[in-house]
Amino acid sequence: MGNSKKKRDSANSKFALLIVAAIVLFGGYIAFFSSMSKDGEAHYVMVDENDTPDSILHKLKPEAKGYGFLVYKQLASVIGYGDHIRVGRYKIGNSGALMTFRHIRNGMQAPISLTIKSVRTLGDLADDVCKQMMFTRAEFMNKITDPETCKKYGYTPMTIIAMFVPNTYDFYWDTSLDKFLDKINAGSKKFWNFERTQKAKQMGFTPVEVITMASIVDEETDNVEEMPMVAGMYMNRYKKGMRLQADPTVKYATRNFTAHRIYEKWTREDSPYNTYMYKGLPIGPIRIPSVDAIDAVLNYVHHDYMYMCAKEDFSGTHNFAKTYEEHQVNADNYAKALDEKGIK
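Reading the values: the criteria
- Residues numbered from 1 in each chain as written.
- Predicted model: local features only at pLDDT ≥ 70, side-chain atom pairs only at ≥ 80, totals over all residues.
- Heavy atoms only, no water.
- Helix = DSSP H or I, 4+ residues; strand = E, 2+ residues; numbered from the N terminus.
- Rg over C-alpha atoms; globule rule 2.2 N^0.38 Å.
- Buried < 20%, exposed > 50% of the residue type's maximum accessible area, 1.4 Å probe, protein only.
- Contact = heavy atoms within 4.5 Å.
- Core = buried A, V, L, I, M, F, W, Y, C linked by side-chain atoms within 4.5 Å.
- Domains from an automatic or database assignment.
- UniProt positions renumbered as here; feature names shortened; annotations may be inferred.
- Salt bridge = Lys/Arg side-chain N within 4 Å of Asp/Glu carboxyl O.
- Expected span 1.5 Å × (residues − 1).

A.B. asks: Please provide a residue-by-residue account of the overall build of the protein chain, values included.
C.D. replies: On a plain count of helices and strands, the protein chain comes out with 15 helices and six strands. Against the 2.2 N^0.38 benchmark of 20 Å for 344 residues, the protein chain shows a C-alpha radius of gyration of 31 Å, more extended than a compact globule. With the C-alpha coordinates of the protein chain rotated into their principal frame, the extents come out at 120 × 45 × 40 Å. Per-residue burial over the protein chain gives 44% buried out of 344 residues. When contacts within the protein chain are restricted to residue pairs at least 6 apart in sequence, long-range pairs at least 24 apart make up 64% of them.

A.B. asks: How would you explain the nonpolar core if you had to name every residue and give the values?
C.D. replies: Counting 62 residues, the largest nonpolar core has Phe140, Phe164 and Phe180 as the members making the most contacts within it. Looking at this core, you find at least three residues from each of domain 2 (112-191) and domain 3 (194-303). Once residues within four sequence positions are removed from consideration, Phe164 is found in contact with Ile116, Leu125, Phe140, Ile144, Phe180, Leu181, Ile184 and Ile288.

A.B. asks: Hey, could you go over the UniProt feature "site: Important for catalytic activity" (unreviewed entry) in the protein chain for me, with residue numbers and the actual values?
C.D. replies: Residues annotated by UniProt as "site: Important for catalytic activity" (unreviewed entry) correspond here to Glu220. Along the chain, Glu220 falls in helix α10 (residues 207-220). For Glu220, a relative accessible area of 17% gives the class buried. Other than its neighbours up to four places away in sequence, Glu220 contacts Val230, Tyr234, Ala246, Asp247, Pro248, Met308 and His318.

A.B. asks: Can you lay out the pattern of salt bridges for me, pointing to particular residues and giving the numbers?
C.D. replies: Evaluation of the coordinates by the stated rule reveals eleven salt bridges. Taking the shortest distance from any N to any O, the salt bridge between Asp48 and Lys59 comes out at 3.9 Å. Taken as a pair, Asp48 in the loop between β1 (43-47) and α2 (53-60) and Lys59 in helix α2 lie far apart in primary sequence, eleven residues in all. On the basis of relative accessibility, which here comes to 24%, the residue Asp48 falls in the partly exposed class. Taken together, the salt bridges that share partners define one network made up of Asp48, Asp51 and Lys59.

A.B. asks: So, unusual backbone geometry: which residues are in play, and what are the values?
C.D. replies: Here Arg255, not a glycine, exhibits a phi torsion of approximately 60°, which is positive. A relative accessible area of 47% places Arg255 in the partly exposed class. Phi at Phe314 takes a positive value of approximately 55°, unusual for a residue other than glycine.

A.B. asks: Quick rundown of α10? Include the residues and the values.
C.D. replies: A rise of 1.5 Å per residue sets the reference length of α10, with its 14 residues, at 20 Å; its end C-alpha atoms lie 20 Å apart and thus fit the reference within 8%. Counting buried positions along α10 gives ten out of 14 residues, so the element sits mostly inside the fold. Residues of α10 that are buried include every one of Val210, Ile211, Thr212, Met213, Ala214, Ser215, Ile216, Val217, Asp218 and Glu220, and no others. Next to the buried residues of α10 lie α9 (194-203), α11 (227-239), α12 (247-254), α14 (291-298), β5 (307-310) and β6 (318-321).

Here's what the structure looks like:
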């Protein structure tokens, strides 16, 4: 009887030890390998050249679960970061503490998916780009407006914006500004494939001139279907040696970007962007045009219209006219509609 009880007690003790061991192992597995993110969502930690092991922990703590953070802290204390800390952007997500530590220790960054958007100015572009990259806005603007940098890529400070064709690129956060621009330039060259380049040549335009025309078209209409019509109208004026008299170029020259009316005094602004004053295209794009607008210029509609005016129904589309007299009627109707709505 006594021996039987001892055997049962021994068996129960072993079972209890197994349970404890399983709990410890399971807890260890959870701490080492389960999602380290505090809420299951992806978060990112930026490690720069001034960081220390302690500052990395300070950045990591708000993004990590408690037990994951403690395991990471122990790993950093025991194993360390080798010869130096690797600069970069690191993901705190589904990976556990062990994998997260390995990524940060070995410099295995999470790439950034950066989209070049259709924006109006280099400043707008800088705002979009530099909030995602390690280099600063000031560094970007100084580089992109530097004549030597522009010359390296075949542009001027007025035309360099044409290199930024809307597209999405993968970068690492600490990519140098020079390498960033190299990749953007490579993307631009890829965009200007044989078909697009040949169409530009048939028009008698360079890619920069196509993009400059497209920037006007993009400012004139948001209606993609109408873009080839608008491009055709401007091509007619251009071929005849007429001033383009494009209202968006006046807005750009005077920085009145949101204006609904173009006042006569604005059309006298002495600016190489003002197509009311100067024949031909402005000296550079007035925005980064959309790919739709670029392709609309390359595939412009051949028609006889020489004038256009926004429709009085404010639909965002235009009335086209072959003669100035017809155009004046359209312009008067639009001005009347603006007056009725009290738009200055």
